[in-house]
Amino acid sequence: MSREPPIPLLEKFGQRLNPFLVFIGIFTGFSLMVLAGRWAGKQNLLIGFERSYPLISPEGYFYPSLNNLTELVSHVGSRRKILVLVGGDSVLLGVGQKKDQLWTKELQRVLGPDFVVINLAYRGARPTEMGAVVAEALSKKYPRLIYVANAEPMSMPLPLAGGPYGYLNWEAQASGELPKGTPNLDVGAFAANRGEELSTEGSIRGYFDFWSHASDLWNYLGYKFVFTAFNSLKVPPERFFEARNSSQDQETDVLPIPQRFTLQEQSMRILRMLINLWVEKDAQGDFRINPGVLAEFNGLARVAFPNSFKPKTFILLVYNAPYFVGQLSRDEQAAYDFAFSQGKSWLEMAGYRSALIGRNWTDDNFADRAHLTASGGQKMATAIAPEIKSMAVQLGYLPAASKEPGP
Amino acid sequence: MIWLLIACVTFHAHYAGPAGVLPIIVIGIVTYFAGLTRHRIVCLFAIAVCVGALCFYKYTIFFLNGVFGQINPEAGKMASAWAKNILPQAPPLGISFFAFEFVHYLYDVRSGTPPLRNFFQFTGFAIFFPSLVAGPIKRYEQFIPSLKEGLARVNAQDVVVGIVQVAFGYLKKVIADNLTLYLEAYQDRFADLHLDQRWFLFTAIAFRILLDFSGYSDIAIGLARMIGVRLPPNFDWPYFATSIQNFWQRWHMSLSSWIRDYVYIPLGGSRHGHARRILNGLIAFGLCGLWHGAAWNFVLWGLYHGLGLGVCASYRYLPFGFGRNLERIFSKLKPFNWLLTQAFVWLGWLLFFYPVVKALKMARLLFVI
């Protein structure tokens, strides 16, 4: 089964090369790429950006760098206006709403020209990821900034080290742009040494990306010229190499009621599981938040954002569709309401602004169990705009009386 | 040498973690001291420890579920639940490679080759970081001189050759990773694809494993070369092979030569007649398959190749001159030999990657519109 080992072709090739020229070439090539990446990172790549969609987000193997997102904000925003950065998950991303019906467009309209609203929500992102990172990294440059995200009641998860969005937190940490007190990533969900490994790898990647601008250059090439990773989300997938600027935001139409409310059993199971997790009854039979959940929430809410950033952070607790909530028993519905009202109170006690969204809304406002339709999005925008204006007054961005932009 | 050892220990400790390092330290120490004794029984005992550790960490659940569980399902379920409690979540990093290198060391020492008395040299051989995770499987008789000479005389040309090899390795990995994504997207819909797409996917399977594994080997060999150390080559254009035997001279060469020297030949090789030769080949390749993963499809893949080698080695003995005629025809039809060999190897990858029933169904669908 064996014979004399052959001299590999690469060995022969390598032997012919002049080492001096190779080292000079590597050094020059790397330096040029860093310079090119540095230049690319200063371009506003995402021209015409309304919100992320799969092919320009990590699920499509496109990982927007910190520079990509901050440059986007710099080009769309203005320091003369109040910057409203929207983070969070698919609910605030506007899944269920077509691009031209997007709720953040309505929010921009209601808030008026003194505000600039940018939707940096990503599917499945935690309130402390993506949009939050950009908001924190820009908090020095844009002192008049409000960050809006959504969360489940009694939940304020830290950015996940092993998740799809942790990379941006590492890059931002390496950049040194984050305010003091920004939390480390959550590696606790993994076994001890695996967590450490993720921290080290993620941290190294963050520093490498920050100094080499590798992601900036790669994203520039992938967005404008040619993409290098196969992705089945691309239609047809065989054309995966096409530049991502040729892709479209293709949110589909919402199905009529009740077809839109699929996954009945699964949805009800999720709802009941959450209620049982959040709420329990005490000896007198009154509802109370599960002490373990409360302790964990308080611990996380304390460190999820720097203290200086908490007053600028507006967390929305969005109800599920009445189609599903209505199927709960009276007792379960009461527990569900209790969890939301308590969630809001505890968030406010932890220093955040909070609002309940979607209570007593109709099925028309929901695209499925959790996401909002265009009408739901409009309602949300109308509901939170006064709260954002009030925050702007409290934070001194707007004078109380005239409600005009402050200095 | 000291700096290299520090780098190796750091690499191993970081990626394997305490639970992964401890078993390797134990079997490493057993191997080192057993080697020093040069005593046949002691070396045999140490070989048993290494093989036992490999079986314990990698194959316990498979044996309990796949073998014992087939005989007594209830007891198998209980035993595997118990085993899951005592076993770590994943086997120690690189345990298959550690076990094979230690077995080689002990076997050769037992056969009279001088052992490594210098503990640092032994450690360097055991945890040399470029080849620690997935080979190539080293032989200490070649590795230690290469290590000494390489570290003393590493030059700019070595670094350049290493860089070239690492760069090509990465390029192969990028292509392989894209093929992986392609396969993930389409393999479950194989039956729904057009015939040409099925063949494309079939080709992608073959190239994915070649580029992935040979890319990794290139990176490992290139990294070693950058510090002056020459590791044995692992791949030599295996898809140009014109017979199954030739394929195994070109594919994962460090493994196939290990299997030959430490399983096939000790079993008797081709020394005890034709039937025994085929049986030895089947055992050797059955174990080779099992080494790749703890599942029946890997065993079957190994047996499939063992059988293929057996047929290759025996067809010329078919009666009435039929075998000789066949041999004469094959010797004149090189392109046909190549096609037959690659068809055999590529169909074998279906067994390697998928459960048997699915693999057979996929193979059938390659010829059905």
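As the structure is a computational prediction, the values presented were derived from the model and not from experiment.

Student: Before we go on, may I ask you to explain the overall build of chain A in this structure?
Tutor: Looking only at helices and strands, chain A features 14 helices and seven strands. Against the 2.2 N^0.38 benchmark of 22 Å for 407 residues, chain A shows a C-alpha radius of gyration of 24 Å, consistent with a compact globule. With the principal axes as the frame, chain A shows a C-alpha extent of 85 × 65 × 40 Å. In chain A, buried positions account for 44% of the 407 residues. In chain A, the share of contacts with a sequence separation of at least 24, taken over all contacts with a separation of at least 6, comes to 76%.

Student: Honestly, the overall build of chain B in this entry has me stumped. Any pointers?
Tutor: A tally of helices and strands in chain B yields 15 helices and zero strands. For chain B, whose C-alpha radius of gyration is 22 Å, the value lies close to the compact-globule estimate of 21 Å for 369 residues. Taken along the three principal axes of its C-alpha coordinates, chain B extends 60 × 60 × 50 Å. Within chain B, buried positions represent 38% of all 369 residues. Partitioning the intrachain contacts of chain B with sequence separation of at least 6 by distance along the chain shows that 67% fall at a separation of at least 24.

Student: Got a minute to help me understand helix H14 (residues 334–353) of chain B in this structure?
Tutor: Every α-helical turn comprises 3.6 residues, leaving residues that sit three or four positions apart pointing alike. An ideal rise of 1.5 Å per residue puts 28 Å on 20 residues; H14(B) measures up with 29 Å between its terminal C-alpha atoms. On its buried face, H14(B) sits against helix H9 (244–248), helix H12 (296–314) and helix H15 (356–365) of chain B.

Student: Teacher, can you tell me more about the interface of chain B and chain A here?
Tutor: When the parts come together, some accessible area is lost, and that loss is often what is quoted as the size of the interface. Taken together, the contact pairs 27 residues of chain B with 22 residues of chain A. Looking at the side of chain B that touches chain A, the elements that each hand over two or more residues are helix H1 (2–37), helix H7 (156–186), H9 and helix H10 (253–264) of chain B. Ranked by the residues each element gives to the side of chain B that touches chain A, the list is headed by H7(B), at 14 residues. Here the residues of the side of chain B that touches chain A sort into 16 nonpolar, nine polar and two charged.

Student: Help me understand the domain arrangement of chain B in this model?
Tutor: Residues and elements named next belong to chain B. Parsing chain B into structural domains produces domain 1 (2–153), domain 2 (156–226) and domain 3 (238–365). A C-alpha centroid distance of 23 Å is found between domain 2 and domain 3. Of the residues lining the interface, eight residues belong to domain 2; the matching set on domain 3 comes to seven residues. A class-by-class count of the residues in the side of domain 2 that touches domain 3 yields seven nonpolar, no polar and one charged.

Student: So what exactly am I meant to see when it comes to the sheet that holds strand S3 (residues 145–150) of chain A here?
Tutor: Within a sheet, each strand pairs with its neighbour through backbone hydrogen bonds, oriented either parallel or antiparallel. All names here are of chain A. Strand order across the open sheet formed by five strands is S2-S1-S3-S6-S7, with parallel pairing between neighbours. In this open sheet, the two edge strands, each paired with only one partner strand, are strand S2 (115–119) and strand S7 (353–357). Between one strand axis and the next, the sheet turns by 20° as a mean value, whatever way the strands run. One ladder, built from five bridges, connects strand S1 (residues 82–86) with S2; its direction is parallel. For Val86, the partnering residue across the bridge sits in S2 and is Asn119. Contacts between helix H5 (residues 103–111) and the sheet are confined to S1 and S2, with S2 contributing the most and set at about 175° to the helix. Docked against the sheet, helix H14 (residues 374–394) engages S1, S3, strand S6 (313–318) and S7, running at close to 165° with respect to S7.

Student: How should the pairing of S7(A) be read in this particular structure?
Tutor: Two faces belong to every sheet, and in a regular strand the side chains alternate between them. All names here are of chain A. Along S7, four of the five residues are buried, which leaves the element largely enclosed by surrounding structure. With five bridges joining them, S6 and S7 adopt parallel strand pairing. When the bridges of S7 are listed, Leu317 appears paired with Leu356.

Student: Which parts of the structure should I look at to understand the nonpolar core?
Tutor: Inside soluble globular proteins, nonpolar side chains tend to come together where they are buried. Counting residues in hydrophobic clusters, the biggest one holds 85 residues, and the most contacted among them are Val84(A), Leu85(A), Val134(A) and Ile146(A). Sort the elements by how many residues they give to this core and H14(A) lands first, with seven residues. Residues in contact with Leu85(A), not counting those within four places in the same chain, are Ile118(A), Leu120(A), Gly131(A), Val134(A), Ala135(A), Leu145(A) and Tyr147(A). Counting residues in each nonpolar core, the second largest holds 80 residues, with Leu116(B), Phe128(B), Leu255(B) and Leu303(B) among its members.

Student: Is there a simple way to think about H1(B) in this case?
Tutor: Residues and elements named next belong to chain B. Between its first and last C-alpha, H1 extends only 26 Å over 36 residues, short of the 52 Å set by a 1.5 Å rise per residue. At Gly17, H1 shows its maximal bend, which comes to roughly 120°, and the proline Pro18 appears one to four places after that position. Taken from the residues just after H1, Arg38 is the one with a positive phi, measuring 60°.

Student: Help me understand the pairing of S3(A) in this model?
Tutor: All names here are of chain A. Across the six residues that make up S3, a large majority, six, are buried. Two elements, S1 and S3, share four bridges in a ladder whose sense is parallel. From the neighbouring strand, Val84 faces S3, where its bridge partner is Ile146. As paired strands, S3 and S6 are joined by four bridges and run parallel to one another. Bridge pairing links Asn150 to Leu316 in S6.

Student: What is the right way to read the confidence of the model for chain B from this model?
Tutor: The predicted coordinates of low-pLDDT regions are not to be read in fine detail. All names here are of chain B. Per-chain confidence: chain B averages 90 in pLDDT, with 100% of residues scoring 70 or above. When pLDDT is averaged over each helix and strand of chain B, the minimum, 81, is found for helix H3 (residues 73–86) and the maximum, 95, for helix H8 (residues 195–226). Taken over the whole predicted complex, pTM reads 0.84, whereas the ipTM for its chain interfaces reads 0.77.

Student: Explanation requested: the packing of H1(B) against helix H2 (residues 40–71) of chain B in the structure shown.
Tutor: What describes two packed helices is the angle between their axes and the distance between those same axes. Residue and element names in this part refer to chain B. In the contact formed by H1 and H2, the axes pass within 8 Å of each other and the chain directions differ by 165°. On the basis of their axis angle, the class for H1 and H2 is roughly antiparallel. H1 and H2 meet at a crossing whose hand is left-handed. Residues Pro23, Ile27, Val30, Thr31, Ala34, Gly35 and Thr37 of H1 form the contact with H2, whose own contacting residues are Val42, Cys43, Phe45, Ala46, Val49, Cys50, Ala53 and Tyr57. Among the residues making up the contact of H1 with H2, the classes are represented as twelve nonpolar, three polar and no charged.

Analysis parameters
Residues numbered from 1 in each chain as written. Chains lettered and ligands numbered in written order. Predicted model: local features only at pLDDT ≥ 70, side-chain atom pairs only at ≥ 80, totals over all residues. Helix = DSSP H or I, 4+ residues; strand = E, 2+ residues; numbered from the N terminus. Rg over C-alpha atoms; globule rule 2.2 N^0.38 Å. Buried ≥ 20, exposed ≤ 12 C-beta atoms within 10 Å, placed from the backbone. Contact = placed C-beta atoms within 7 Å. Expected span 1.5 Å × (residues − 1). Nonpolar A, V, L, I, M, F, W, Y, C, P; charged D, E, K, R; others polar. Domains from an automatic or database assignment. Pairing = 2+ DSSP bridges. Axes fitted to C-alpha atoms, helices over the stretch in contact; angles between N-to-C directions. Core = buried A, V, L, I, M, F, W, Y, C linked by C-beta atoms within 7 Å. Bend = angle between axes of the 7 residues up to and from the residue. pLDDT = per-residue confidence, 0-100. Parallel < 35°, antiparallel > 145°, perpendicular 65-115°, else oblique. Left-handed = near helix turned anticlockwise from the far one by under 90°.

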